[in-house]
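Chain and residue survey
Chain by chain, the residues:
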Amino acid sequence: MREGLIARFIDHLPFSKQDVVVSLLEGFTPLLHAPLLSERVGANVYLKLEGANPTGSFKDRGMTCAVSAAVRDGAEAVICASTGNTAASAAAYAARAGLRCAVLVPDGKIAIGKLAQTLMHGGRVIALKGNFDMALQMVRELAERYPIALVNSVNEFRLEGQKTAAFEVVEDLGGPPSALCIPVGNAGNITAYWRGFKEVGASPRMLGFQAEGAAPLVLGHPVENPETVASAIRIGKPARGEEAIAAVESSGGAIRAVSDEEILAAYKMMAVKEGMFFEPASAAAVAGLMKYGAEGAETIVCVMTGRGIKDQQTAMEHHSGKIIQCEPEMNELMRAVLR
Ligand code: F0G
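Please read these numbers as outputs of a predicted model, since none were measured by experiment.

Here's the deal with the domain arrangement of the protein
Examined at the domain level, the protein breaks down into domain 1 (5–57 + 159–318) and domain 2 (59–156). For domain 1 versus domain 2, the distance between C-alpha centres works out to 21 Å. With both chains or domains summed, domain 1 and domain 2 bury close to 3,200 Å², and 48% of this area falls on carbon and sulfur atoms. Counting the surface domain 1 buries against domain 2, the share from its top three residues, Val-22, Thr-55 and Lys-310, is 20%.

And the structure:
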């Protein structure tokens, strides 16, 4: 029987065999070779398909740990601020654990699929008239005053769970990659990967990518009104920013910016040429790789953080497919198919 990631990596995680864990069998996501991208940049490029996790994003790795710890600590409710994926994941794991879940999201600014997921799991969605950074600030204050477990990546258990992706990459490749390309929002995931790599003695160059309109770690200062098509990483004050900078510096990597045009070009290329549909934030990692090239790296892993179907609106606005209206009449059908 397949087991969840806490059971599988228990020796590396702050849990014991006696702990009751909340798992949806997250982790163990495929590492897919990307032939076209490899040819483009002249290196062996692999995609870590984190959308294969139960709720369709990498957040489930952290959430199995954060929610299991919350249950162990006797919590009755969990809360988070979110650009969408954390909300969906928190709601799913809370449902599984029988906990209440509240999420604070920027009103009207999260992808519809993520909102639907959160609501389906019975989450209480609070639509804030403000951005993600304000939402995070507010839930942090609330969690200090009330006994509600905060499950954003400021929670250590989240990073502990997410670091396991680095173990899998090294295991699947039979050694560390030369570089890891990863989108950066609140900067928890890049911090977690670096932690995981260090624990197994690996040291790939960490290459983080932010969207140009939401690039505080590139600019060196917070961004008051972050803007980008990649709503998942529309973040101006990353909570794990300092750790992310430390990670890229010790690994000889960098955090750089990619424009929305570059993100959308990568988003479309991955769907049309590699047959993989990721959300725009995930495409930022590929956009960065295409923009800056392999820079001498032989093996590169791009972390594809979430599934494309979560964000139908962006897909409908930017796809290169066709919808052709057709009357139920054979000649018309032939024209529609063959023209
Ligand atoms: N990719 C996707 C699809 C995300 O949802 C996020 C973050 C990131 C990348 C960036 O990861 O924040 O650890 O640097 N989403 C959070 C959320 C903020 O609320 O779902 P990070």
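Remarks on the nonpolar core
By size, the foremost hydrophobic cluster in this structure holds 37 residues, and its most contacted members are Leu-37, Leu-47, Cys-181, Ile-263, Leu-289, Ile-300 and Cys-302. Residue assignment for this core shows that the elements contributing at least two residues are helix H2 (35–41), strand S2 (44–49), strand S7 (179–183), strand S8 (205–211), helix H12 (260–273), helix H13 (280–292) and strand S10 (299–304). Examining the composition of this core, we find that seven residues originate from one element, H13, more than from any other. Setting aside residues no more than four positions away along its own chain, Cys-302 makes contact with Val-45, Tyr-46, Leu-47, Lys-48, Cys-181, Ala-285, Val-286 and Leu-289. Judged by nonpolar contacts, the second largest core, of 22 residues, contains Val-169, Val-184, Tyr-193 and Met-206.

Structural notes on helix H6 (residues 132–145)
Compared with an ideal rise of 1.5 Å per residue, which puts 14 residues at 20 Å, H6 spans 20 Å between its outermost C-alpha atoms and is within 8% of the ideal. Phe-132, Asp-133, Ala-135, Leu-136 and Val-139 are the residues of H6 that are buried. Looking down the long axis of H6, one finds its buried residues gathered within 155 degrees of arc, a one-sided arrangement. The outward face of H6, more than 90 degrees from its buried face, is lined by the exposed residues Glu-144 and Arg-145. Looking at the buried side of H6, the elements it contacts are strand S3 (77–81), strand S4 (100–106), strand S5 (124–128) and strand S6 (149–150). The backbone nitrogen of Asp-133 has a side-chain oxygen 3.1 Å away, supplied by the residue at the start of H6, namely Asn-131.

Examining the pattern of salt bridges
Across all of its chains, the model carries 18 salt bridges by this definition. For Arg-72, the salt bridge goes to Asp-19, with nearest N and O atoms at 2.7 Å. One end of the pair, Arg-72, is in helix H3 (residues 59–72); the other, Asp-19, is in the loop between helix H1 (5–8) and strand S1 (31–33), and 53 residues separate them in sequence. Residue classification places Asp-19 among the partly exposed positions, given a relative accessible area of 22%. Residues Arg-195 and Glu-160 are paired through a salt bridge, measuring 2.6 Å at the closest nitrogen-oxygen approach.

Calculation notes
- Residues numbered from 1 in each chain as written.
- Predicted model: local features only at pLDDT ≥ 70, side-chain atom pairs only at ≥ 80, totals over all residues.
- Heavy atoms only, no water.
- Domains from an automatic or database assignment.
- Buried area = accessible area lost by both parts, 1.4 Å probe.
- Core = buried A, V, L, I, M, F, W, Y, C linked by side-chain atoms within 4.5 Å.
- Buried < 20%, exposed > 50% of the residue type's maximum accessible area, 1.4 Å probe, protein only.
- Helix = DSSP H or I, 4+ residues; strand = E, 2+ residues; numbered from the N terminus.
- Contact = heavy atoms within 4.5 Å.
- Expected span 1.5 Å × (residues − 1).
- Arc of directions from axis to C-beta.
- Polar contact = N/O pair within 3.5 Å; in protein donor to acceptor, adjacent residues only side chain to side chain.
- Salt bridge = Lys/Arg side-chain N within 4 Å of Asp/Glu carboxyl O.

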